[in-house]
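Each chain is listed here by its residues.
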Amino acid sequence: MQPRRRTAGAVAVAAAVLASTLGISAAGEAGAAEPEKLVIDLATDTGAFHGGASGSLYGIYGDGAPSRNLIEGMNLRTVSTKAQDGPQHPGADALEILPPFVDSGGKDVYIYMTDIYRGFPYEWPGADGPARLADFKEKLKKQVQQVLTMGDYKDNVVYVPFNEPEGNMFGTGRWSYNGVSWRTNPGPYFEAWKEAYHLIKDLDPDARIAGPNTSVLYNEIKGFLQYAKANDVVPDVMTWHELSSPAAVRTSVAEYRQWEREIGIGPLPINVNEYGHNYHLSVPGQVVQWVSAIEESKIDADLAYWNIDGNLNDSAVEANKGNGQWWLFNAYGQMSGHTVGVTAPHPNQQYTLQGVATLDEDKKQSRAIFGGKSGDADIVFRNIDPELFGTAVRATVQEIPWTGQVGDSAQPLRLADQEVTVGEDGTVTLPMTGMNEMSAYQVILSPGGNGGEPAAPSVSWRNSYEAENATYTGGGYSKNGPEGTPSNVGKFATSGDYNVGGLRTGSDGVLAFDVDVPTDGTYDLSVFANSYNLFDRVKEQGPTNVFLRVDGKDPQELRLPLAYKWVVWDHTDTTVKLTAGKHRITLAAQDPDLGVTKGDAIIDKIDLSLRDENVTRPAIYEAEYATLTGTLPSYTHPGASGPGAVPLPKGASATFWVHSPTDGEATVSLDHLGGGRAKVSLNGEKLDIPRMGAGKKGTDVTRVFLSGGINKITVTGTKKELVVDRLRVTPSSGNLVTKAYQAEEGRLSGAAKVTEAYTFATGGKSVTDIGDGKENALTVDVVAERAGRHAVTIRYSNAEQAPATHYNPDPIARHADLSVNGEAARRVLFPTTFHFNDFRELTVPVTLKKGTNRIGFTAEELPDFDGTSYNQFDQRSPYAPVIDRIAVTPLTEK
């Protein structure tokens, strides 16, 4: 089914309409078609919530790429990754990602043991099949011996001896065992499986082994299972790939379970350790359809790896930011209790409205996430238990929009927040209007009757305008597409299916968007764009610069984003001032006042939203929606802002996942109802601030330094029982004094040198060639007004890329060994910025003494696990990134 696309004027969800109609039965006018219904039956228990769709293949590069915040906040459950020191791709070494993953709440690391070889199909050496298998068995032995050195972490390892054997080691190609597919003659593969199984179990009797890890659940797998049972080598975890559709997930799991019953094994845990396509990944409205099928099947599953590693399969941006897909998994991972029956208007049919829902009787809370449809639909909750919820419910409705594959996203948009009377039949109907098929949506139901004031929508007016519908004048125009579609899932998702090219070096092109806005004011403008970082015209400068005007006035120069391939979307954000009515917003390759474009960019769309008090007021994070440990929400507090509040006895905690658009100061307000005291930690660090709380209702305000992207703020009870209402967060300035230091003004040693090659560095100068030995270093003396924890924000660039063997680009996360006052260095990973002239910021917390402190940066190549050998394919860089500037800010106000 081809999904419906909408015109620009229909893109915005009608939040005001939704708020005014929320809870009203959508009978419709006479003759009007009934809207589609997603029906959620809270009386049907379909099993404990599993959370298994939060998995990743090659999604973690190393400790810090992505950050532990992103891993924990996404509730990442399983990771499949390469063998330690394998040459398939840079980073993602199993035993290097194991500790940060497990320490961030992860469950299992699946080691693709075959990824100890280069190439795909795997290039295993040997004159014939037996010789190749002998070489592989030696490598298996070494891998298991390495795992056994990892202490308790080894319990989180699952071995995957073979990956897609039908197309690799036991297929028909050049690098196969004997040139005959195991599906035709299974003997050699079955024997190899048995030998590998016994080798691993002999070394580690407690080992868990997964397989057969085929690209499809072939019928021949039934024969594999029969052999495995007969020879006592049944895998501990059943794995295969579903590079198909969500419908195939349900069908395949059901078929496999039938095989188990017929053969007399299991039931085994299942990990579908590759799912989804380029067209789906990053798009909340697409991925939620996979999530619903995976959760319904109660299995684990890992997002497929089509692009770069270390970004959680197009969920993570830079080191610490999340896109819309990340926020979808954040919402999914905060579900609890048990799943309930969900009946979709087109059951188990991809590219239609699908969803998953839970009920947690202890929390008295139901959550639903859904999406995949444009237009209108009714979300119907049935059998709402009055003993849990009362005669009214508080319904919070949020949208999780698509923000591009590498585009940062703020927290989900609040569309509505209201009390709704439950019908006599125990039903509540929430009419959704103007949904976007690329978005996912969340509804949280809690008991009503508290009387708290409904929270306003996050945005009061917004709209999108497709580039292909804009007016282009000048030369070089191209309308590109269709891009990803249901019939071409290998291509990337694009709003409206098409995009526009023409703004490039030497062009005189102008792309004009005609907009109509409701009121005078400042508007947030996002340009969704892309430049391929290795394209000839882009290589020279990096980010492509274009020029924005409103009605021919107020010129701005914008730098459009880079990515690892064409049609990989990000957004460049700015603001414009508009009066009520019609305007023309232009993007041009030339500007008489500002200059000319260098590079080559494609444009997908622009988003425009009114920056009114709904946007500028503090972001609200209700405690009853937070991640809770050792406590439950309470709905007996009439003074609470939302449906309830959270009592925090000593040791209990509430964790809030807080977005910050940039690295910098924010004001954090903790609204509470009194009763006790609590301490606060930020990103795992206890803040040096007075205990929050008191004996009566109040607000504690503090200024803290937030990292750009996702921040973990945890409030933990320390005395009596503090009743927490909510957290409110807003950017601020002037309370935490930042001191900035240009890298070129620091002390350079060895080969490190100042360069003027990267024009977008501050002042046009930066420092390069740090590393390749500790003697090649940058040292900066910084001054702290007081002792304590500080944020060191490093403006850097990194575009090193290793030679790839197939479709995955292989950017390298460079590292710096950062030391303070001569103490032991800390290794910090710096993800790619796609070009050395494209600078990003990364913040590292450090302890400084009062007065002058010496911060040093150097680097050297990391050896393999044995400490003596080194990667032969330039996949471990010996260099630190190019460093432009270092800024130092106290982590909290005094």
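Residues numbered from 1 in each chain as written. Predicted model: local features only at pLDDT ≥ 70, side-chain atom pairs only at ≥ 80, totals over all residues. Heavy atoms only, no water.

Trainee: Which residues make up the overall build of the protein, and what values do they have?
Mentor: Looking only at helices and strands, the protein features 12 helices and 53 strands. The C-alpha radius of gyration computed for the protein amounts to 27 Å, which stays within 12% of the reference 29 Å derived for 894 residues, consistent with globular compactness. Within the protein, the fraction of its 894 residues that count as buried is 63%. Considering only contacts in the protein between residues 6 or more positions apart, those separated by 24 or more positions represent 79%. Approximately 31700 Å² of the protein is accessible, and the part contributed by carbon and sulfur atoms is 49%. Computing the positive centroid from 82 side-chain charges and the negative centroid from 110, the protein places the two 4 Å apart. (Helix = DSSP H or I, 4+ residues; strand = E, 2+ residues; numbered from the N terminus. Rg over C-alpha atoms; globule rule 2.2 N^0.38 Å. Buried < 20%, exposed > 50% of the residue type's maximum accessible area, 1.4 Å probe, protein only. Contact = heavy atoms within 4.5 Å. Areas by Shrake-Rupley, 256 points an atom, 1.4 Å probe, with all protein chains shown as cover. Lys, Arg positive; Asp, Glu negative; His and termini not counted. Charge placed at Lys NZ, Arg CZ, Asp CG, Glu CD.)

Trainee: Residue-level account of the packing of aromatic side chains, with values.
Mentor: What the rule picks out here adds up to 35 aromatic pairs. Arranged with centres 6.4 Å apart and planes meeting at 40°, the rings of Trp 193 and Tyr 197 form a pair that is tilted. Residue Trp 193 and its partner Tyr 197 are both found in helix 5 (residues 187-203); the two are separated by 4 residues, about one turn of the helix. With a relative accessible area of 11%, Tyr 197 lands in the buried category. (Phe/Tyr/Trp six-rings, centres within 6.5 Å; stacked < 30°, edge-to-face > 60°.)

Trainee: A description of the environment of Val 109 should follow, citing residues and the corresponding values.
Mentor: Residue position: Val 109 is located in strand 4 (residues 108-112). For Val 109, a relative accessible area of 1% translates into the label buried. For the pair formed by Val 109 and Arg 827, sequence separation is 718 residues and the distance between their alpha carbons is 22 Å. Apart from residues lying up to four places away in sequence, Val 109 is in contact with Val 79, Thr 81, Ala 94, Leu 98, Phe 101, Asn 156, Val 157 and Val 158.

Trainee: Report on the packing of helix 6 (residues 221-230) against helix 7 (residues 246-263), specifying residues and quantitative values.
Mentor: Running from N to C, helix 6 and helix 7 cross one another at 35°; their axes reach a closest spacing of 11 Å. Helix 7 is crossed by helix 6, and the crossing has right-handed handedness. Here Ile 221, Lys 222, Leu 225, Gln 226 and Lys 229 of helix 6 lie close against helix 7, whose contacting residues are Tyr 256, Trp 259, Glu 262 and Ile 263. When its residues are assigned to classes, the contact of helix 6 with helix 7 shows 5 nonpolar, 1 polar and 3 charged. (Axes fitted to C-alpha atoms, helices over the stretch in contact; angles between N-to-C directions. Left-handed = near helix turned anticlockwise from the far one by under 90°. Nonpolar A, V, L, I, M, F, W, Y, C, P; charged D, E, K, R; others polar.)

Trainee: Any details on helix 4 (residues 129-147)? Residues and values, ideally.
Mentor: The periodicity of an α-helix, 3.6 residues per turn, causes residues three or four positions apart to be oriented the same way. Helix length check: helix 4, at 19 residues, gives a terminal C-alpha distance of 27 Å against a target of 27 Å (1.5 Å per residue), a fit within 8%. Along helix 4, the positions that sit buried rather than exposed are Gly 129, Arg 132, Leu 133, Phe 136, Leu 140, Gln 143, Val 144, Gln 146 and Val 147. Down the axis of helix 4, the buried set is contained in an arc of 150°. They therefore lie on one face. In the core, the buried residues of helix 4 are packed alongside helix 3 (94-103), strand 4, strand 5 (157-160) and helix 5. Its side-chain oxygen at 3.0 Å from the backbone nitrogen of Ala 131, Asp 128 defines the N-terminal cap of helix 4. (Expected span 1.5 Å × (residues − 1). Arc of directions from axis to C-beta. Polar contact = N/O pair within 3.5 Å; in protein donor to acceptor, adjacent residues only side chain to side chain.)

Trainee: How would you sum up the packing of helix 8 (residues 284-297) against helix 9 (residues 324-333)? Please name residues and give values.
Mentor: The relative placement of two packed helices comes down to the angle between their axes together with the axis-to-axis distance. Close contact between helix 8 and helix 9 brings their axes to 10 Å; oriented N to C, the two are set at 30°. One way to sum up the angle between helix 8 and helix 9 is to call them roughly parallel. For the pair helix 8 and helix 9, the sense of crossing is right-handed. Residues Pro 284, Val 287, Val 288, Val 291 and Glu 295 of helix 8 lie in contact with helix 9, whose contacting residues are Gly 324, Gln 325, Leu 328, Phe 329 and Tyr 332. Counted by class, the contact of helix 8 with helix 9 contains 7 nonpolar, 2 polar and 1 charged residues. (Parallel < 35°, antiparallel > 145°, perpendicular 65-115°, else oblique.)

Trainee: Give me the lowdown on the pattern of salt bridges, citing residues and values where you can.
Mentor: Counted under the stated rule, the structure contains 49 salt bridges. Arg 208 is the salt-bridge partner of Asp 108, the closest N and O atoms lying 2.7 Å from each other. Of this pair, Asp 108 sits in strand 4 while Arg 208 is found in strand 6 (residues 208-214), placing the two residues 100 residues apart along the sequence. Judged by its relative accessible area of 3%, Asp 108 falls in the buried class. The residue Asp 864 makes a salt bridge to Arg 876 at a minimum N-O spacing of 4.0 Å. (Salt bridge = Lys/Arg side-chain N within 4 Å of Asp/Glu carboxyl O.)

Trainee: I'd love a proper account of unusual backbone geometry, names of residues and values included.
Mentor: Look at the link from Gly 211 to Pro 212: it is a cis peptide, with omega at 0°. Omega for the bond connecting Gly 481 with Pro 482 falls within 30 degrees of zero, at 0°, which places this linkage in the cis form. In this structure, Pro 482 sits in the loop between strand 22 (478-480) and strand 23 (499-504). We note that Ser 282 has phi near 85°; this positive angle belongs to a residue other than glycine.

Distances and angles like these do not, on their own, reveal function.
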